[in-house]
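Each chain, written out:
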Amino acid sequence: MDRTDLPLLGALIAYLLAFLQVVVSFWWGEARLRRWLVRLSLGAGLSMHTFWLGRAAMQFGHVPIISTQEVFALLAWAIAVYYLLLRRTHRRADVLGLFALPIIALFVLVALVSTGFKLLPEELEGLLRMPALPLHIGFMMLAYAGFLLAFLAALMYLLQERELKRKRFGLIYRYFPSLSACEALGHRSLLFGFLMLTLGIGTGIILLHRSDPVFWRGDPIIVLAFITWLFYLVVVHYRLAAGWRGRRAAMLLIVGFLATAVTFVSARLFGHIL
Amino acid sequence: MTIVLVGLNHRTAPVEVRERLAFAEEELPQALRQLVDGTTITEGLILSTCNRVEVLAVTPLAEHTAIERIRAFLHERRHLPPDAYEAALYRYVDREAVRHLFRVAASLDSMVLGEPQILGQVKEAYARAIAAGTVGKTLHLLLPRAFSVAKRVRTETAIGTEAVSVSSVAVELARKIFEDLEGKTVLLIGAGKMAELTVRHLVATGVRHLLISNRTRERAEQLAAQFDAEALPLEALPIHLARADIVICSVGGTDYVLQRPHVAAAMPARRNRPLFLIDISVPRMIEPSVGQLENVFLYDIDDLEQIVRAHLEHRRYEAARAEVLVDQAVEECLASLRRMEVGPVIAAFRRRLEEIAYSELERHRRYLGPLTPEQERALHHLLEGIINKFAHPAIARLHQAAREGTVRPEELSFLELWGDVVEARERQSSSSSE
């Protein structure tokens, strides 16, 4: 970490503050002041975060997606953006912050401590300068963020459901949103994630089309991405057409996210850009 | 001035005693006027509910005189042998009396902790005392403070947020499944009292569609007419089950009215949307294994009562937080009371000094001859300076004592007396000089 990372450190502190506020609301009930404080901390964190990413992009002249540091910073940013968006559209999104905010903070922390070193093969230079790339990466990151929150909402659904089934009425019963609210949060995030994934894959195809086929011929990551997309297509279809709800639908969201996470991690492991 | 509170409640006295001591609404005005005689007791209020009878009084005398007076009053009004209730009486003075009043208003002393009715009853008692003319500035300060601390307790702690009756717990559970009950369909099986109460709760929270089914068709139709609902024969239940989101079952009989295959068959038609079943009949009338089905949530009367107990437990925990708010409010209120007590004395004392100084000035004016405005101003400064220097130690001491709560009655009465004596002498001298 050096001086140029100070905005990122500021963002980390702001996210942690937002998390603290959410925890306090969890215990003491949500007051309007606390709601406002969460929004303020989130907004401050996101501004510093965006500033840091913007500067990195200007400095290197491409999307900050190469080094480990950049990847984590960008992922955390997408999750924060989507969480803020969800808070504005669903009044029970606050409790999701209980899980989403630590993840955001963790990713920012990883970005802070990991190296900014990047190995940039010369052939990639051309790809990095393509105008469709920022769009592609933005869509994909937001898709991951959507699927992550859908996963978290599904997790909350299952926890609340277990509490209701076992008739043990503890903290989860008291403070977690109702089943239908968890369901709605998951559904909304799923649709958002799927839309972003579709757009991301669309822009990805344009990129593939225009770049040197040397990089991607036989790339397992592209196959995996399509499988992920097909999987979510089926899930979305059943939800929209057949009105699939409840426990199994929640479990599918969890499986789907894990599959996405595998795609993403393996993409990084094998040194590919997705 | 002393505040005393004498009374008994559901914890100290059984209902046979409480009911004999209770005051009926129509006798309150007369009782209040009898209680407040203007000498031993200057202000008074009677709180009489099914769980408590309490007399709150303000006296200028020592506390035991007032307590004696209240006991005599109860005895006179009720013609009860004192030993019938004497042991159940509690007596609180000043700080403790204020604290008790605040705790009662905040529902910390209630049988069901945090129940909301008591605040209204205290407000009612206050209104009646005002109407009877037995409220003075002390109670006018005290009661609004009690209302505001009660309100704070309600908004800043979770003491009243959770349901503590079986029917309201059912509504709460429904909210944990469906969030919003608007547009949901409720199926009522049986027409028992409890079921009807639960339905009322649900209707109050926005449920619109109601299906009612009962063994006797007439009763179902009668209830259906009352709630603007649809009556169904009991045999048709399995067919209509898929339409319902919430089922309340409270019916007698020997066979399950809803069996596992019925519910299992209804679920695909519901596209696996959750189904909430409440079986408050004993013996149970919904097959218990129905609860194992996916997206089906079945609760019997024991489950609901278990939640009631857990919520009461939680209320006790919240009550501990409320006590802190009450303690804080009690101290603030006592400080205001003391300020209120010394304020007029200080003002009268100063006014008296000023009157003396200026009347002396007027008397000696003729020896001074005509004065320029500057001289006039200098004279005023001179008098004000002397008054301030003279009064300052006494006023400062009183302010400090009021802040710290160490006002000694003899100091107060000395100053009051001093004001009175001077006034009397003044009157005498002015009448003799005329």
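Residues numbered from 1 in each chain as written. Chains lettered and ligands numbered in written order. Predicted model: local features only at pLDDT ≥ 70, side-chain atom pairs only at ≥ 80, totals over all residues.

**A word on the interface of chain A and chain B**
In this assembly, 16 residues from chain A lie in contact with 17 residues from chain B. The set of elements that each furnish at least two residues to the side of chain A that touches chain B consists of α6 (132–166) and α8 (179–210) of chain A. The element that contributes the greatest number of residues to the side of chain A that touches chain B is α8 of chain A, accounting for three residues. Taken together, the residues of the side of chain A that touches chain B break down into seven nonpolar, five polar and four charged. (Contact = placed C-beta atoms within 7 Å. Helix = DSSP H or I, 4+ residues; strand = E, 2+ residues; numbered from the N terminus. Nonpolar A, V, L, I, M, F, W, Y, C, P; charged D, E, K, R; others polar.)

**Regarding the pairing of strand β8 (residues 246–249) of chain B**
All names here are of chain B. Of the two faces of β8, the one holding I246 and I248 and the one holding V247 and C249 are both buried throughout. Here strand β5 (residues 185–189) runs beside β8; their pairing, made up of four bridges, is parallel. Following the sheet pairing, I189 is matched in β8 by C249. When β8 meets strand β9 (residues 275–279), the two strands line up parallel, connected through four bridges. Looking across to β9, one finds that V247 is bridged to L277. Following the chain from β8 across helix α11 (residues 260–269) to the adjacent parallel β9, one finds a crossover that is right-handed. (Buried ≥ 20, exposed ≤ 12 C-beta atoms within 10 Å, placed from the backbone. Pairing = 2+ DSSP bridges. Right-handed = clockwise from strand over helix to strand, strands pointing away.)

**Quick word on unusual backbone geometry**
Residue and element names in this part refer to chain B. A cis amide bond, omega 0°, links V282 with the succeeding residue P283. Within the fold, P283 resides in the loop between β9 and β10 (296–300). Of note, D228 is a non-glycine position whose phi angle comes to about 60°, a positive value. Assignment of secondary structure puts D228 in the loop between α9 (217–227) and β7 (230–233). We classify D228 as exposed; it has 10 C-beta atoms within 10 Å. Within the chain, N295 stands out as a residue other than glycine whose phi angle is a positive 65°. Within the secondary structure, N295 is located in the loop between β9 and β10. Residue N295 is classed as buried on the basis of its C-beta count, with 21 C-beta atoms lying within 10 Å.

**With respect to the sheet that holds strand β4 (residues 90–93) of chain B**
Residue and element names in this part refer to chain B. Spatial ordering of the open sheet is given by β2-β3-β1-β4, a layout of four strands whose pairing is antiparallel. The sheet terminates laterally at β2 (43–48) and β4, the two strands that pair on one side only. The sheet shows a mean angle of 15° between the axes of neighbouring strands, direction not considered. Here strand β1 (residues 2–9) pairs with β4 via four bridges, running antiparallel. When the sheet's bridge partners are listed, G7 is paired in β4 with Y90. Of the strands in this sheet, β2 and β3 (52–59) are in contact with helix α2 (residues 28–35), which crosses β2 at around 140°. Packed on one face of the sheet, helix α3 (residues 63–78) meets β1, β3 and β4 and runs near 40° to β1. (Axes fitted to C-alpha atoms, helices over the stretch in contact; angles between N-to-C directions.)

**Overview of helix α9 (residues 220–241) of chain A**
All names here are of chain A. For α9, spanning 22 residues, the distance from its first C-alpha to its last is 31 Å, which sits close to the expected 32 Å at 1.5 Å a residue. Among all positions in α9, only A225, T228, Y232 and R239 are buried. Down the axis, α9 shows its buried residues gathered within 60° of arc, on one side only. Along α9, exposed side chains directed more than 90 degrees from the buried face belong to P220, V223, I227, L230, V234, H237 and A241. Immediately downstream of α9, the backbone of G243 shows phi near 65°, a positive value. (Expected span 1.5 Å × (residues − 1). Arc of directions from axis to C-beta.)

**Considerations on the packing of helix α3 (residues 68–89) of chain A against helix α4 (residues 97–113) of chain A**
All names here are of chain A. It is at 8 Å that the axes of α3 and α4 come closest, and there the two elements cross at 155°. If you check the angle between α3 and α4, you find them roughly antiparallel. When the axes of α3 and α4 are compared, the crossing they make is left-handed. Across the interface between the two elements, Q69, F72, A73, L75, A76, I79, A80 and Y83 from α3 touch G97, A100, I103, I104, F107, V108, V110 and A111 from α4. Broken down by class, the residue content of the contact of α3 with α4 amounts to 14 nonpolar, two polar and no charged. (Parallel < 35°, antiparallel > 145°, perpendicular 65-115°, else oblique. Left-handed = near helix turned anticlockwise from the far one by under 90°.)

**Some points on the sheet that holds β10 of chain B**
All names here are of chain B. As summarised here, the arrangement of the six strands in space is β7-β6-β5-β8-β9-β10, forming an open sheet in which the pairing is parallel. Each end of this open sheet is capped by a strand with a single partner; those strands are β7 and β10. Shown here is a sheet whose adjacent strand axes are inclined to one another by a mean of 20°, direction ignored. Across the face of the sheet, α9 comes into contact with β6 (209–214) and β7 while running at roughly 160° to β6.

**Let's talk about the pairing of β5 of chain B**
Residue and element names in this part refer to chain B. Among the five residues in β5, four count as buried, and that is most of the element. When β5 meets β6, the two strands line up parallel, connected through five bridges. Looking at the pairing, T185 lines up with H209 of β6. Each parallel crossover has a hand, and for β5 linked through helix α8 (residues 193–204) to β6 it is right-handed.

**Examining the packing of helix α5 (residues 117–131) of chain B against helix α6 (residues 137–156) of chain B**
All names here are of chain B. As a packed pair, α5 and α6 sit with axes 11 Å apart at the nearest point and diverge in direction by 165°. By the angle between their axes, α5 is roughly antiparallel relative to α6. Crossing geometry of α5 relative to α6 is assigned as left-handed. When α5 is examined against α6, the residues L119, V122, K123, Y126 and A129 are found in contact with a partner set consisting of L139, L143, A146, F147 and A150. The residue makeup of the contact of α5 with α6, split by class, is nine nonpolar, no polar and one charged.

**Overview of the domain arrangement of chain A**
The parts lose accessible area when they come together, and the size of an interface is often stated as this lost area. Residue and element names in this part refer to chain A. Parsing chain A into structural domains produces domain 1 (1–119) and domain 2 (121–274). On the side of domain 2, 26 residues touch domain 1, which itself brings 20 residues to the contact. Residue assignment for the side of domain 1 that touches domain 2 shows that the elements contributing at least two residues are α3 and α4. Here the element with the most residues in the side of domain 1 that touches domain 2 is α3; it accounts for nine residues. By residue class, the composition of the side of domain 1 that touches domain 2 is 17 nonpolar, two polar and one charged. (Domains from an automatic or database assignment.)

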